[in-house]
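Tertiary structure, described
Read off the chains here:
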Amino acid sequence: MTNYLDEAIAFKVVDNKLIIRLRDRVCETSEELIASALFRQVLSRFVKSLEAKGSPFCRLFDKNDVAIDADDIQSLIDTFSVLEKMPVLNVPKLVKNSGRFVRDVHLLNDFVEKLYDYWRSFERFLICDSEGDRLDKRPFRTFNSTIEELTQLVRKTYRDVEENITGRHPSVYRQVAAGAELALIALPKALDLPIRYRDKLEQIHVIRQILLYPPLLLNPPMNKRTGMFVRVHENPLDRVELDKSEWLCYPAKVGSLLILIYFHERFYELGLALANLFELAEDDALQRRPDAVYLFGVPGDALDDLAELPTVFYDDKEHGMLIGAVPGRDEFGYFGYLKKMILTLHNIKMMKLGRLPFHGAMVKILLQGAKEATILLIGDTGAGKSESLEAFRTAAGDLIQEITIIADDMGSLDIAEDGRIIGYGTEIGAFVRLDDLQPGFAFGQLDRTIIMNPAQVNARVVLPVTTYENVVKGFQLDMVLYANNYESVDDEHPILERLLTAEEALNVFRQGAAMSKGTTTSTGLVHTYFVNVFGAVQYRDLHESIVCRYFNAFYEAGLFVGQLRTRLGISGWEMNGPRAAAMALLEFIREK
């Protein structure tokens, strides 16, 4: 980790992240850009990486076996300053000891290409956080004068230098995101926190606006989650000291709840991906006390002796809040640790309010001919929930008038005074597997996605799929189905099977059987209480009393309760299983 400061910007290199904090303005000219401390540092790191692997590009410096030093770097910077303005033949006349750089223009041009690629290999974040300047009152103007100008300036400088080296214009211009990939406005914000919490958190800046350039490719350290979140009897916040300059707060609207998510700079790419998953709370939503606080990326070993796997949460009954915490080590650098802890805290709060949390997808389907159904498909990760619903959208085609996504992964149910079952969601986005999906799968458009670990098993995308209004509106439920991904289909095991009694249904859902698909470290056929280790297991007695009451209410309200065999966990059925499940569901709704 390295910090740098010049008159215009402060910046820090953390692993493969480049964090730029705007103090006044970004560079406005190519000359300023090339002369900046940021350019010098990127160039120096690039050259060191070339030296370390004995790259042929080191011949550019004509040093033989002598190490490249700061004077060499300065000479190259001076060379670029000339090349930005005039053709390569002028360089030796204007820059001392620069003839070596321009002796082989093809080598120099390739060097510039590699330097440009090296710059873009960083995950680049621009944080506008000037205190006393209400940047959030003019966010578009702020973003336009920072990230947009920086992007255009970097591209312009790169192109001018290359054109003056080669003496020709490119025939194809690619408008890649050459500046920062993501910008945000983060400011001090007074929050309604207990005094003991303010001492730790009040100096951390709160995100007010975010601008990103999708599709955004990220490569966090991990691509799987393991274990479960453990309830502990000591507040993890009491164990940590947080450096405000290293943390940001994303205030998330999780369903009807407000959860303050604090994340460390080591996991900036994960914390800022929340923009595609949870609605960012506005000022009026921040007037009330939050329901939970989550610290993601706690440095050191402060949490290690709280549990065998230190992914923990504490129930602060005195203040009516929940506190979650996860260490800041690579093994926890997976978006699932962020998302699932947030939803665990949500589920616990819902149970305390008497609602039934669920782990599943909920949609309202409206077909031509006024045929409609609001369906809750409960199932573990990889059970085929999203896949079956997407296959339904494809199979139904023009028969669909509208599909409204209420919940993609988790939500809660309530019983209205007249006995109707009302469902609510939590997220505006989806965290979707790519491994088993048919080409073209997406609830939304690809150009809005954040893509994680695209070259690995369990590659995922985070993309918006619905509106916050749909999440919190409340929809009357018609069907509750268990997503069975492990059983084959035959005469005794139909694709869509109705469970005739609450006791029979409770038995199926309580066993929570699923064939693991590699999204966690579990493999094979596993059983999880109501496929919900996100609150239900930790508060099993409370959950059991609620779920029995709700399942009886399902049958009293006349809901269809059953299971849908997606066969997603059976080899060879990854595509056709969800497709057949979708067709069975479509036929049932059309015949209602």
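Residues numbered from 1 in each chain as written. Predicted model: local features only at pLDDT ≥ 70, side-chain atom pairs only at ≥ 80, totals over all residues. Heavy atoms only, no water.

An ideal rise of 1.5 Å per residue puts 24 Å on 17 residues; helix H14 (residues 540-556) measures up with 24 Å between its terminal C-alpha atoms. Residues of H14 that are buried include every one of His543, Ile546, Val547, Tyr550, Phe551, Ala553 and Phe554, and no others. Taken down its axis, H14 places every buried residue within 155 degrees of arc, on the same side. Those residues of H14 that are exposed and angled more than 90 degrees off the buried face are Asp541 and Glu556. Taken from the residues just after H14, glycine 558 is the one with a positive phi, measuring 80 degrees. (Helix = DSSP H or I, 4+ residues; strand = E, 2+ residues; numbered from the N terminus. Expected span 1.5 Å × (residues − 1). Buried < 20%, exposed > 50% of the residue type's maximum accessible area, 1.4 Å probe, protein only. Arc of directions from axis to C-beta.)

With that out of the way, let us pick up the side chain of asparagine 485. One can find asparagine 485 in the loop between strand S24 (479-484) and strand S25 (496-498). In terms of polar contacts, asparagine 485 uses its side chain to reach the backbone amide nitrogen of methionine 515, at 2.8 Å. (Polar contact = N/O pair within 3.5 Å; in protein donor to acceptor, adjacent residues only side chain to side chain.)

Next up on the list: the pairing of strand S18 (residues 410-415). Bridge count for strand S15 (residues 356-367) against S18 is four bridges, and the pairing is antiparallel. Bridge pairing in S18 links proline 357 to serine 412. Bridge count for S18 against strand S19 (residues 421-425) is five bridges, and the pairing is antiparallel. Its bridge partner being in S19, serine 412 is matched across the sheet by tyrosine 424. What sits between S18 and S19 in their antiparallel hairpin is a turn of five residues, with glycine 419 showing a positive phi close to 95 degrees. (Pairing = 2+ DSSP bridges.)

Moving on, we get to the packing of helix H11 (residues 385-396) against helix H15 (residues 576-590). Look at H11 against H15: their axes get within 8 Å of each other, and the N-to-C directions meet at 60 degrees. Crossing of H11 against H15: the hand is right-handed. For the pair formed by H11 and H15, the contact residues are Glu387, Ser388, Ala391, Phe392, Ala395 and Ala396 on the first element and Pro578, Arg579, Ala581, Ala582, Met583, Leu585, Leu586 and Ile589 on the second. Its residues assigned to classes, the contact of H11 with H15 comprises eleven nonpolar, one polar and two charged. (Axes fitted to C-alpha atoms, helices over the stretch in contact; angles between N-to-C directions. Left-handed = near helix turned anticlockwise from the far one by under 90°. Contact = heavy atoms within 4.5 Å. Nonpolar A, V, L, I, M, F, W, Y, C, P; charged D, E, K, R; others polar.)

Coordinates in, geometry out; function isn't part of it.
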